[in-house]
Structure formats: structure tokens, C-alpha cells
Amino acid sequence: MERFEAVVVGAGPAGAAAALELARSGIQTLVLERGKFAGQKNATGGILYGQTNTRYNLDYLIPDFHTRAPVERAITTYKMHAVSGDKVKTLDLEPLHDHNTKWSYAILRGKFDRWLAAEVHKECKKTGGGLLTDVRVTGPLMEDGKVVGVTTDSIDPIKADLVVAADGATSELVRQAGLRGWGTEEKWFQGVKVVVKMPEAGINERFGLRSDEGAAHLVAGDIFGKARGGGFLYTNRDSLSIGTVFHLDSVTENGRPPHELLDTMLEHRLLRKWLGGYYDEAEYSAKLIPDGKKALLTRPYSGNLVAVGDAAGQMQAAGPIIKGMNHGITAGILAAQAYIEAKKEGKPTAAGPTYAAWLKQTPMAKELKKYRSIGAKVTALQATFGAPFLPFLIKIKPVAKFVEGLMGNYNKALTAPDTRFTYVTLPTLLAKNYGTPVEDAPPLKLRSLDDRIGALKYDTDIGKAHIEMLDDSIAVNGRCVTACPVSSPDSSRGCYRIEKAGGKEFVVLDTQPCVECGTCAVVGKTRWEHPAGGKGVGYEWG
Ligand SMILES: Cc1cc2nc3c(=O)[nH]c(=O)nc-3n(C[C@H](O)[C@H](O)[C@H](O)COP(=O)(O)OP(=O)(O)OC[C@H]3O[C@@H](n4cnc5c(N)ncnc54)[C@H](O)[C@@H]3O)c2cc1C
Ligand code: SF4
């Protein structure tokens, strides 16, 4: 049986950071990635942040990364558009964005992860390890009830003194090690996104940018019905990343498929104005995102296994700001350092508790804890007492100004992110009272869900469904039909459908168009795992 000192599962930002730090310290490190190339399975919004309150950002590992990495644009403009009907009130959220921000770049994971993985492979090779793609880890290798390595679906089991579970939100390692189950809907966000191609000069002109500048535009208000969350548009070099992120429980309550909610935003005059009749969609993608306030693992280790990044629920949403990649990087570095320290002291098995103790001291963990203790009460109070009076109070200009200030304040955004009140009520009232109607703009010819699925690239594993429905009744799995980002009651091509036979309605599942987001494992009753190796969906843009 092959043996490496450390095995890192997953070559996303968290796994790459752990592997770089381990290999740099001379630890023989093997990275296993299920995609055919790193990034092939990944999608993000997404802005990669460097924080001033930690030294463990990507530039700690690769100091000149921004001159070499395929980053898209540095974010220099950050605005929130509060929307009600055709009225829009634009708020400057730069203070929120700039809070503890050292640098920030829009990135596309297809390019970025590939570049980062090449750096990882180069470093790991120096210690006799490297990066192996197209290998899916199926679970921890156990001996006498202890994690001693990993099992895979294509190569022999591998032993290791340290296993880093960096396998993302849908982590099989974390579930099988007994650290977390799928949990319930309120522990998750669901992100859905399209990449729209646009020439660099067109972006510069339409968004008023130079090529070395980038913009983040957020959208909230009454356009998404009951869904709590909002939309984003980030400018890349010659494309736009446009998407929505909602609390998963509100997606299922809303009863409107995720792709439809995204289209509602794309069709709004605000976005049509920027797109100006031009719509060249390159890719549709979706993923679950852990809500760190509720999903953060309090014990992110089990024996020799340490969990980092989304696998450990280390995702922080401060109002519309989403920070997952940078926290994964910080945690990856800390996990690696904990192992290096524990080994130096002759107790490599102490890496898990050391990592957990260090993690608790990070600003991320402290801020998420703060939310858990007071945030839920604050938001409940706001919703109960604020909502009835606010329509009258907001008409008083200084009150409206005060509310705007709250929305741009990092600490307030952190403690009040969960309710309909903050995502829908407040922005809607600001737009109604202080917004101006956006002029009409040429309509867009959007892709249908069928066309979106048709444009994705799949390497299908015929006969080996990675999801098995354990109950086909409408009562149990019916909500998957609308919560799955590639299904819809009107579509004939998605994963979940409702069919009728013998006078009875039931749910049917076909995993061929599945984008492996993980949603149905939370909202339905399924046995869920990733497809083998590089099989299944493969993103080009991410
Ligand atoms: C729509 C959307 C918008 C977002 N916006 C932002 C943003 O603006 N800023 C931000 O910081 N974050 C954002 N996030 C969150 C961010 O993308 C995640 O927090 C981040 O990707 C987590 O990194 P990770 O390395 O932990 O996991 P991942 O990036 O998910 O990487 C996990 C890796 O493990 C591999 N893997 C999984 N299972 C296995 C297995 N069994 N065997 C082998 N390999 C495996 C996967 O293929 C993948 O490469 C957004 C997410 C979404 C969906
Ligand atoms: S079938 Fe499940 S995992 Fe696949 S896209 Fe639909 S909800 Fe996501």
C-alpha cells in the first residue's frame, strides 16, 4: 500500500493552501482531486479576498501571486442596488467591502484553480509527492477505529499520517468521519450563476471602468419573492459573473426554481441597461455553500483527519459579502502548521486539537461565534418590532440615512444577515421611497433551462447513478423538483420530474444533467455521493 506523510483531498483554495504550506516545510504531500483538472468541478461568485486581520492570505504563500495568477480584475467599485419594481436606489457599500480588506480580485475558478494547482504540483514534487487528478476519494481508510489514510474509487488505498479533508461543501470525508451530516436547509445557501461573455472594451465602457479596475454590483429587494438573499454581478476581464445566493430554506419555501429567480434578475431593467441587448451566456453553474454561522464545525478533526474550507463550514456571509475562499486558505495554512508543530514536538496526532485551538482564535471564528450568541436575537427583534414601524419611519430622511449606514457597516451586516427584514423589507422600502425608475432597455434573449443544460459538458457514467432516491413520494422528494437548479416543473430535461402512473403522482430522478450541487441531499431523501473521478459535469469557466 502506498504511503505519504500527508494526503490532501481536494485542490480548491483550502486544499491548495494546506498542500503548499506542508510541502514548503518538507512534508511529503500527495493531493488527490476528483476533477480531470483542478477547477473542473468548481464554481464561485466570486471575489477572492485578502484580509488585513490575518497574515495567512494567498500572498503569504505566493507573495507575487497577483502578478502571475489569472485574476480577472481588482474590485474597485462596490455597490448595492435596492430594488422595488422598476425603482432602484443605489447604495455605496464600499465601507462594508473595504472593512479588513487588504486586496480583492474577481476570479474564475476554471482558470484560477488550474494555475494554483500547477504551483501546488511543482512544490509537492520537491518532497516526493504531487497532485493526482481524476481520482475520487471515497472515504477515510480506517484501522482500529482510527483514520489512517484514504480510499479511492480508482487507485489502491493510500496511508498517511495526516489527511486533510478539503473536499468542499459536499465533503464525503467529513460525513464519513462522523463530523457532520447533511443537516437541514437553514444551514445552507444555494448559489446559482451564469458567466456572460463581453468584450473587455465593452465592460470598460458600460461599467465606467479602466481595464485594471473591477466592479461588484449587488441586488436586493422585492424581486426575488420570498427568497432571502440577493444577486451579484462581478466584472471579469472579458466576461461577467452574474448570480444569486439564497438561504436554501427560502428557496424551497419560495417554490420558484433557482434558474427562474436568476432570470428575474437578468431581465430586470437594471441589468438589461448594462447588458444593452447583448447576452452571450458561456456557462450555467450551481453549488451549495455552507452558512458558517450554523454549519461551522466546532470540532474540525477526527484523529488524523483535519477538515478545512467549506468541508468544515468555514464560510462567512456579512450581508452581501461572501467570504469562503479566503477563509479556506487561512484554515488550510493553519491545519498544515498545526501538523508541522505537532510533528516537531514528536506528537503528530496532536495536530487536530492544535488546529482546532488556533482556528478558534481567528477573526472568522470569533465573528461567527458573536453572531451565534447575539445575532439571532437581534434579527428576531428587528423582524418583530422593526417591520411594522419601518414603512413610516423610513419616510423621515435622517432615519433612511441611518438605515443606509447600517447596511454599509460590517459588524451590523454580520449580526443581521438572516431575515427577510434585512434582505427584502429594508431594501424594498429604501427603493420605494428614495429610488428612481430605471429606464427601459432592450430585452435579452436568455437561455432556457434546457439550453443551459445542453451547453454544459458532461462525461457521463452510464448506469452508475451517484444519487439514489430513497423515497419517490411527492411529500418527501417533491420539493427537489423546484429546488434542484437543473430541474423545473416546466422542463423535460432536468434531474427531477413529477410523473403520473396508475392514478398516482411520484418523483422521478435522472442524474445525467446533474451539476453535483448537493441541494437534493438536503431537501430530499437520497443516498448522495460524487460521481467517479472526473465523471459527471465539468465546468470550463467556474
Ligand atoms: C455562487 C457562489 C458565489 C460565491 N461567492 C464567493 C465570493 O465572492 N467570495 C468567496 O470567498 N467565496 C465565495 N463563494 C464560496 C466559495 O466558492 C467557497 O467557500 C470556496 O470555494 C471553498 O473552497 P474549498 O477549497 O473549501 O472548497 P472547493 O472550492 O469546493 O474545493 C473542493 C475541491 O475538492 C474536490 N473534491 C470534492 N470531493 C472530492 C473527493 N471525494 N475526492 C477528490 N476530490 C474531491 C473538488 O473537485 C474541488 O476541487 C461562493 C460560492 C458560490 C457557489
Ligand atoms: S440532482 Fe441534486 S445534486 Fe444534482 S443538480 Fe439537482 S439538486 Fe444538485
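Reading the values: rules and limits
- Residues numbered from 1 in each chain as written.
- Chains lettered and ligands numbered in written order.
- Predicted model: local features only at pLDDT ≥ 70, side-chain atom pairs only at ≥ 80, totals over all residues.
- Heavy atoms only, no water.
- Helix = DSSP H or I, 4+ residues; strand = E, 2+ residues; numbered from the N terminus.
- Buried < 20%, exposed > 50% of the residue type's maximum accessible area, 1.4 Å probe, protein only.
- Contact = heavy atoms within 4.5 Å.
- Areas by Shrake-Rupley, 256 points an atom, 1.4 Å probe, with all protein chains shown as cover.
- Lys, Arg positive; Asp, Glu negative; His and termini not counted.
- Charge placed at Lys NZ, Arg CZ, Asp CG, Glu CD.
- Phe/Tyr/Trp six-rings, centres within 6.5 Å; stacked < 30°, edge-to-face > 60°.
- Near = heavy atom within 4 Å.
- Polar contact = N/O pair within 3.5 Å; in protein donor to acceptor, adjacent residues only side chain to side chain.
- Nonpolar A, V, L, I, M, F, W, Y, C, P; charged D, E, K, R; others polar.

A. Main features of the overall build of the protein chain. Looking only at helices and strands, one finds 21 helices and 26 strands in the protein chain. The principal-axis extents of the C-alpha atoms in the protein chain amount to approximately 65 × 60 × 50 Å. Within the protein chain, the proportion of its 542 residues that are buried is 62%. Looking at the protein chain alone, contacts between residues at least 24 apart form 76% of all its contacts between residues at least 6 apart. When the accessible surface of the protein chain is split by element, carbon and sulfur atoms take 53% of a total near 20400 Å². One finds the centroid of the 68 positive side-chain charges in the protein chain at a distance of 5 Å from the centroid of its 61 negative side-chain charges.

B. Focus on the packing of aromatic side chains. With the rule as written, the count across this model stands at 10 aromatic pairs. Aromatic side chains F65 and W103 sit 4.8 Å apart centroid to centroid with 55 degrees between the ring planes, which places their arrangement in the tilted category. Of the two residues, F65 sits in helix 3 (residues 65-68) while W103 sits in strand 6 (residues 101-106), which places them 38 residues apart along the sequence. Across the pair, exposure class does not vary: F65 and W103 are buried alike. Summarising the aromatic geometry, the rings of F224 and F246 are spaced 5.0 Å apart at their centres and angled 70 degrees between planes, so their arrangement reads as edge-to-face. On the criterion of sequence distance, the pair formed by F224 in the loop between strand 12 (214-221) and strand 13 (229-235) and F246 in strand 14 (residues 239-247) is long-range, its members being 22 residues apart. We note that F224, like F246, is buried. Of the aromatic side chains, those joined through ring pairs into one cluster are F65, W103 and Y105.

C. Representation of the site of ligand 1 within the structure. By nearness alone, 36 residues border ligand 1, and E33, T44, I47, R109 and D310 come closest of all. Interatomic distance of 2.7 Å between a backbone N/O atom of I47 and an oxygen atom of ligand 1. Separating an oxygen atom of ligand 1 from a side-chain N or O atom of R109 is a distance of 2.6 Å. Residues belonging to the shell around ligand 1 are distributed by class as follows: 14 nonpolar, 12 polar and 10 charged.

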